[in-house]
Amino acid sequence: MAGPVSVAVSVVGVLLVLGVVWDVFHTIFHPSGQGRISGAAMAGVWRLTARGGPRFRELAGPSALVAVIAAWVSLAVVGWALVYWPHMPAGFVHSSGLDVSGRSTAADALYVSVVTLATLGYGDVVPAATGLRLVAPLEALMGFAILTAAVTWVLQVQPALVRRRTAVMTLSGLRRAGLEREVRTLDADLPAVVLADLAAAVTQVGVDLTQYSETYHFREGEERRDIGEALIFAADLAEAGSVSPRPDVRLAGRALQTALDDLAAHAASTFLGVTGDTRSVLEALRRDRAKRPR
């Protein structure tokens with residue numbers, strides 16, 4: 001390659017590698033919990049599974065994680081390959097059994113990148129130039145870091161999903177028990193306690209959606225067990241609490257409504273791209289998470 005072209009290709013490769021590093025950091029460690037690459041991959045899987053029917057929609061969450069990890073690995077491989085490509089074949093030593101004449105330097109660069117990122121180290125093509133000998137171990141470390149980050153990510157997601165499922169099952173049980181009617185009419189301490197506990201649970205769900213935005217793309221097999229249906233019932237409870245004759249129940253109802261307002265605002269801007277009051281946003285969330293979105 002000519003000098004300026006070689007530099008340009010290497011710069012593009014470095015930018016791709018840095019983009020992957022930033023996205024991994026932003027997705028796993030940043031409070032917002034979503035990088036541009038991971039966000040685009042998860043949104044794409046979510047839209048794709050919506051077209052495939054109920055069974056595909058249930059696979060959206062796990063598939064989104066796999067898609068994001070695959071995107072990280074693929075872009076890292078391509079980025080490092082672009083770093084190596086301008087130096088092929090002169091900057092590398094090939095084993096005696098390899099004929100470098102007529103070989104594709106792009107394919108060789110991609111091969112070296114894959115082998116190095118996976119820390120396989122076959123030894124048939126190894127860097128010879130001093131700069132490349134310093135750079136190649138960095139790619140191997142990056143491959144190990146991506147693997148570690150992927151495992152850490154999965155382990156972080158599972159507790160958040162358990163907390164959400166617990167909140168959903170609690171709301172589902174309270175709905176079947178007729179809590180909304182009791183909140184409106186019962187002159188006792190119990191409704192205020194229950195509404196306060198639900199406000200804390202909804203707040204935790206909102207925090208998890210902010211910190212682990214990938215959990216949005218996990219949905220339950222049954223419609224009634226999904227967060228979309230549960231939040232609508234929580235809104236009904238908050239409304240029922242607001243007309244209770246007891247001031248403590250009204251206060252707990254307002255606390256629950258505030259938690260729902262915060263969650264709906266985040267969902268509207270991050271996942272749904274809609275505007276409106278809390279009730280309309282929650283209805284949009286329920287439609288988006290339905291097995292067959294309407």
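Here the structure is a predicted model, which is why all the values come from computation and not from measurement.

Engineer: Can you walk me through helix α10 (residues 247-272) in this structure?
Structural biologist: Two residues of an α-helix separated by three or four positions point the same way, owing to the 3.6 residues in each turn. With 26 residues, α10 extends 35 Å between its outermost C-alpha atoms, agreeing within 8% with the 38 Å of an ideal straight helix rising 1.5 Å per residue. Remark: Gly-273 follows α10 within two positions and exhibits a positive phi of approximately 65°.

Engineer: Can you walk me through the side chain of Ser-38 in this structure?
Structural biologist: Relative to the assigned elements, Ser-38 resides in helix α2 (residues 36-50). For Ser-38, a relative accessible area of 0% gives the class buried. Among all residues touching Ser-38, those that are not within four sequence positions of it are Asp-23, Thr-27, Val-68 and Trp-72.

Engineer: What exactly am I supposed to notice about the nonpolar core here?
Structural biologist: One broad trend across soluble globular proteins is that nonpolar side chains are buried collectively. Formed by 42 residues in total, the largest nonpolar core has its most connected members in Leu-198, Leu-237, Leu-256, Leu-260 and Leu-272. Going through the elements one at a time, α6 (130-176), α7 (179-185), α8 (190-211), α9 (227-242), α10 and α11 (278-289) are the ones with two or more residues in this core. With 11 residues, α10 is the largest single contributor of residues to this core. Beyond its immediate chain neighbours, meaning those up to four positions away, Leu-256 contacts Leu-195, Leu-198, Ala-199, Val-202, Ala-234, Leu-237 and Ala-238.

Engineer: Honestly, the pattern of salt bridges in this entry has me stumped. Any pointers?
Structural biologist: Two side chains carrying opposite charge are able to pair once their charged atoms lie near each other. Inspection of every chain in the model, using the stated rule, returns 10 salt bridges. The salt bridge involving Arg-246 is made with Asp-189; its shortest N-O contact spans 2.6 Å. In this pair, Arg-246 sits in the loop between α9 and α10 while Asp-189 sits in the loop between α7 and α8, placing the two residues 57 residues apart along the sequence. A residue is classified by how much of its surface remains accessible, and Arg-246, at 18% relative accessible area, is buried. Two residues, Arg-286 and Glu-229, come together in a salt bridge whose shortest N-O distance is 3.3 Å.

Engineer: Just to check I follow, could you spell out α11 for this structure?
Structural biologist: Compared with an ideal rise of 1.5 Å per residue, which puts 12 residues at 16 Å, α11 spans 16 Å between its outermost C-alpha atoms and is within 8% of the ideal. Every buried residue of α11 is listed here: Thr-278, Val-281, Leu-282, Ala-284, Leu-285 and Arg-289. Projection of α11 onto a plane perpendicular to its axis shows the buried side chains occupying an angular sector of 155°, all on one side.

Engineer: In this structure, what is going on with a nonpolar patch on the surface? I would like to understand it.
Structural biologist: A cluster of nonpolar residues, Val-7, Val-11, Val-14, Leu-15 and Leu-18, forms a patch on the protein surface that exposes about 450 Å² of accessible area. Tracing the backbone shows Leu-15 in helix α1 (residues 3-28). Overall, Leu-15 belongs to the exposed group, its relative accessible area being 56%.

Conventions we followed
Residues numbered from 1 in each chain as written. Predicted model: local features only at pLDDT ≥ 70, side-chain atom pairs only at ≥ 80, totals over all residues. Heavy atoms only, no water. Helix = DSSP H or I, 4+ residues; strand = E, 2+ residues; numbered from the N terminus. Expected span 1.5 Å × (residues − 1). Buried < 20%, exposed > 50% of the residue type's maximum accessible area, 1.4 Å probe, protein only. Contact = heavy atoms within 4.5 Å. Core = buried A, V, L, I, M, F, W, Y, C linked by side-chain atoms within 4.5 Å. Salt bridge = Lys/Arg side-chain N within 4 Å of Asp/Glu carboxyl O. Arc of directions from axis to C-beta. Patch = residues over 30% accessible without salt bridge, like charges linked within 9 Å, V, L, I, M, F, W, Y side chains within 5 Å. Areas by Shrake-Rupley, 256 points an atom, 1.4 Å probe, with all protein chains shown as cover.

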